[in-house]
Amino acid sequence: MLKGKEIVLGVTGGIAAYKAVELLRLFTKAGANVHVVMTRSATEFVTPLTFQTLSMNPVSTKLFSLVSEREIGHISLADRADLVVIAPATANVIGKLAHGIADDLLTTTVMATKAPVLLAPAMNVNMYQNPLYRANEAALRRLGYLFADPVRGTLACGWEGEGKLQEPGIIFEEVLSALAPKDLAGESLLVTAGPTREELDPVRFISNHSSGKMGYAIARSARRRGAAVTLVTGPSSLEPPYGVDTVPVVSAAEMRQAVLERFPACSIIVKAAAVADYRPAVRAEEKMKKTGETLALSLEKTGDILAELGRLKGERLLVGFAAETENLLENARQKLEGKNLDLIVANDLSQEGAGFDVDTNRVTLLYRDGHAEEIPLMGKGELADRLLDRIVALRARV
Ligand code: PMT
């Protein structure tokens, strides 16, 4: 996700400095080359050696220690950065930046960079509410600085309230957003994901193997790219994506209702959910008893949500998925046309590493003009971005 990116991670002196270690791990795991810059007081909390070992780059702490023959430390860091993130960011560093004070390597680097700067404040609740701090934060926001807001909790000083460093996973998510193109800004996306469950009785249901991974990846990427995203999801063990309005449902009927309620406000709909085509005609009130050697179930059709949206779509862009085990392209094209879609993602479940409950997928995109585009095996996150690229291009045409 961050392959080829150069990130400057600034660490300032607060008890939450140890959490910057976890953040660094997330960056390096995602492929970024990270340069850690610590203020003098940050080194009181965590040793530079920890960051140096994990980043595999020298840790910079002093303004003038990096002056080498050909490059000046803070300028070199400022120039090479794709993004500067300061976590934790103390009231002190935020105050300095708001007033243009550059008296150490970190503040000089921030002053000299043209890259986006993300600040993750962490401080005592009273400092956080102090009007001086508030004014500094507001001034930086006006200048385009990004913030990963702190959360409420028990603070190291013993106080309860806002001021606790945001979770590293969420700061990481904000970094991905800061680096993503904002080509879906102004769009409102409705994504469906996961399976549905159709109950037979209070303890049994009919369902399928969908994990939600594909739909969640689309929702996550679309938010990073600036869309307002609603995710209607069947039962899934995945964490709701950060910043996405997540609506949990269980059955196909519940999914239909949730989708139809939200559909009018949306400009793009992507239906990655594996919705049951049939449900038990009758749901037994009590647990069904074991009786004969065989048991015949009577099933009735569920409503086809996507086909219904196809009739109502108007100017909206409608994208479906087709999960097939045979005649992939023929069946998918029938769904594309029969359900009045703009694009369908044909998912061959017989392919290794594709389809249900795996982290990768391999699909063919079918368009209304008859064009077919094969997308090779890749991670579902990467595939989500490819699909969104195509959606952006289709939107540009209308
Ligand atoms: O969740 P994962 O584990 O990551 O797996 C991903 C996936 C395999 C579920 C996903 O990539 C996928 O292929 N989703 C579509 C699964 C499916 O139900 O396909 P279908 O061919 O049965 O349905 C065609 C389309 O109609 C789908 O967009 C489906 O959401 C929609 N549909 C189907 C039935 C119904 N009653 N209402 C619908 O809206």
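Structural data are supplied above this passage.
Computed from a prediction, not measured in an experiment: that's the story for all the values here.

Scoring rules and cut-offs
Residues numbered from 1 in each chain as written. Predicted model: local features only at pLDDT ≥ 70, side-chain atom pairs only at ≥ 80, totals over all residues. Heavy atoms only, no water. Patch = residues over 30% accessible without salt bridge, like charges linked within 9 Å, V, L, I, M, F, W, Y side chains within 5 Å. Areas by Shrake-Rupley, 256 points an atom, 1.4 Å probe, with all protein chains shown as cover. Salt bridge = Lys/Arg side-chain N within 4 Å of Asp/Glu carboxyl O. Helix = DSSP H or I, 4+ residues; strand = E, 2+ residues; numbered from the N terminus. Buried < 20%, exposed > 50% of the residue type's maximum accessible area, 1.4 Å probe, protein only. Phe/Tyr/Trp six-rings, centres within 6.5 Å; stacked < 30°, edge-to-face > 60°. Lys NZ or Arg CZ within 6 Å of the ring centre and 35° of its normal. Near = heavy atom within 4 Å. Polar contact = N/O pair within 3.5 Å; in protein donor to acceptor, adjacent residues only side chain to side chain. Nonpolar A, V, L, I, M, F, W, Y, C, P; charged D, E, K, R; others polar. Pairing = 2+ DSSP bridges. Axes fitted to C-alpha atoms, helices over the stretch in contact; angles between N-to-C directions. Contact = heavy atoms within 4.5 Å.

S.K.: Could you clarify how one ought to interpret a nonpolar patch on the surface in this entry?
M.R.: A cluster of nonpolar side chains, Y278, L295, L297 and L299, forms an exposed patch at the surface whose accessible area comes to about 390 Å². Examined against the element boundaries, L299 turns out to sit in strand 15 (residues 299-301). Look at L299 and you get partly exposed, because its relative accessible area is 39%.

S.K.: Got a minute to help me understand the packing of aromatic side chains in this structure?
M.R.: Aromatic ring pairs are defined here through the distance separating the ring centres and the angle between the ring planes. Scanning the entire structure with this criterion turns up two aromatic pairs. An angle of 40° between the planes, with centres 6.0 Å apart, marks the rings of F27 and F172 as tilted. Separated by 145 residues along the polypeptide, F27 in helix 1 (residues 19-29) and F172 in helix 9 (residues 168-179) bring together distant segments of the chain. An identical accessibility class is assigned to F27 and F172; each is buried. Measuring from ring centre to ring centre gives 5.4 Å for Y128 and Y133, while their planes differ by 40°; the resulting arrangement is tilted. Exposure remark for Y128: the relative accessible area of 4% places this residue in the buried category. By relative accessible area, Y133 is classed as buried at 4%. Here the guanidinium or amino end of R134 rests over the ring plane of Y128, the centre of that ring lying 4.3 Å away.

S.K.: Quick question: what am I supposed to make of the site of the ligand here?
M.R.: The immediate surroundings of the ligand are formed by 29 residues, with S210, S211, K335, N347 and D357 found nearest. Take S210: an N or O atom from its side chain is 2.6 Å from an oxygen atom of the ligand. Take I305: an N or O atom from its main chain is 3.1 Å from a nitrogen atom of the ligand. Relative to its unbound accessible surface of 780 Å², the ligand loses 96% to contact with the protein. Per-element tally for the shell around the ligand: the top contributor is strand 16 (residues 317-324), with four residues. Of the residues contributing to the shell around the ligand, the split by class is 12 nonpolar, nine polar and eight charged.

S.K.: I would appreciate a short explanation of the sheet that holds strand 19 (residues 372-379) in the present structure.
M.R.: Two strands in a sheet stick together by hydrogen bonds in their backbones, pointing the same way (parallel) or opposite ways (antiparallel). Ordered in space as 12-11-8-13-16-17-18-19, the eight strands form an open sheet in which the pairing is mixed. Looking at strand neighbours, the two that pair on one side only are strand 12 (245-248) and strand 19, the edges of this open sheet. Averaged over all neighbouring strand pairs, the angle between strand axes comes to 15°, with direction disregarded. Of the pairings in the sheet, the one linking strand 11 (residues 228-233) to strand 12 comprises four bridges and is parallel in character. Residue pairing in the sheet places L231 in a bridge with T246 of strand 12. In the packing of helix 11 (residues 252-262) onto the sheet, the strands contacted are strand 8 (188-193), strand 11, strand 12 and strand 13 (268-271), and the crossing angle to strand 11 comes to about 165°.

S.K.: Explain the environment of D103 here, please?
M.R.: Along the chain, D103 turns up in the loop between helix 5 (91-98) and helix 6 (105-112). In this structure D103 comes out as partly exposed when scored by relative accessible area, which is 46%. Within the structure, the side chain of D103 is placed 2.8 Å from the side chain of K96, a separation counted as a polar contact.

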